[in-house]
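# Architecture at a glance
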Amino acid sequence: MRKLLLGLFLLGFIMIIVGCNPRTTVSPTTTGATTIAPTTTPSNSNQGLSIALNPGIDTVEVGEEFIDAGVTAYLGDEELNVTVLENTVDTDVLGAYVVRYMIGHEYYTLSFLVERVVVVIDSTAPTLKLNPGVDTIKVGGVWVDAGVTASDNYFDEVTVTVEGTVDTNYLGTYTITYTATDELGNESTIKRIVDVIN
């Protein structure tokens, strides 16, 4: 009987101790993903890439020679390889053309495309030449306009206009002006002097 009472007493004491100790709740720990920025070490570290079209004459008169000034490219202090991919400039034909360059490196994987625009223009006026004629006439005589010869550096057709008159009934000096104009509006003039004398 004493053993039974002692056992019940111990059991009750243990339950009281357990009840007096609150439960401890541990929140789960969440570990998020950590992103580390990649470290890039460029070739020739801390060196810059520079690409420049060399100064040149990229507006060319039709019929003249175009000289390609090229491109200069550096990676730091090292000059890069430049290859002309395309150059179709035809200075015999008016228009805009493109010269394309490829820039690369012998060992590193890099390439750049650079373009130069070349324009072929016509700003040259036609050429005029007086045809030989009799330009000193006696009063009352007949003056015949010998005209001019006109030619152009590009166009086959040239328009020639004439201004001025000669009145052989009156003494004096007369001026005849010839103007030649090509299809782009380039023009030139030349004058003929006619004298009416006694």
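See the structure above.
Residues numbered from 1 in each chain as written. Predicted model: local features only at pLDDT ≥ 70, side-chain atom pairs only at ≥ 80, totals over all residues. Heavy atoms only, no water.

### Here we look at the sheet that holds strand β7 (residues 111–121)
Reading across from one edge, β2-β7-β6-β5 is the order of the four strands in this open sheet, with mixed pairing throughout. Unpaired on one side and paired on the other, β2 (59–61) and β5 (81–87) mark the two borders of the sheet. Averaged over all adjacent pairs, the angle separating strand axes in this sheet is 30 degrees, with direction ignored. In terms of strand pairing, strand β6 (residues 95–104) meets β7 through 10 bridges, oriented antiparallel. Bridge assignment links I103 to a residue of β7, and that residue is F112. (Pairing = 2+ DSSP bridges. Helix = DSSP H or I, 4+ residues; strand = E, 2+ residues; numbered from the N terminus. Axes fitted to C-alpha atoms, helices over the stretch in contact; angles between N-to-C directions.)

### Some thoughts on the environment of G140
Within the element layout of this structure, G140 appears in the loop between β9 (136–138) and β10 (148–151). Here the alpha-carbon distance between G140 and N169, two residues 29 residues apart in the chain, equals 4.9 Å. Sequence-distant contacts of G140, that is, excluding residues within four places in its chain, are made with T168 and N169. (Contact = heavy atoms within 4.5 Å.)

### Some points on the side chain of D135
Structurally, the position occupied by D135 is in the loop between β8 (127–130) and β9. Residue D135 is classed as buried on the basis of its relative accessible area of 17%. Within the local environment of D135, its side chain forms a polar contact with the side chain of W143, the two groups lying 3.2 Å apart. Within the structure, D135 has its side chain in polar contact with the side chain of R192 (distance 2.8 Å). Excluding its chain neighbours within four sequence positions, the residues that come into contact with D135 are W143, R192, I193, V194 and D195. (Buried < 20%, exposed > 50% of the residue type's maximum accessible area, 1.4 Å probe, protein only. Polar contact = N/O pair within 3.5 Å; in protein donor to acceptor, adjacent residues only side chain to side chain.)

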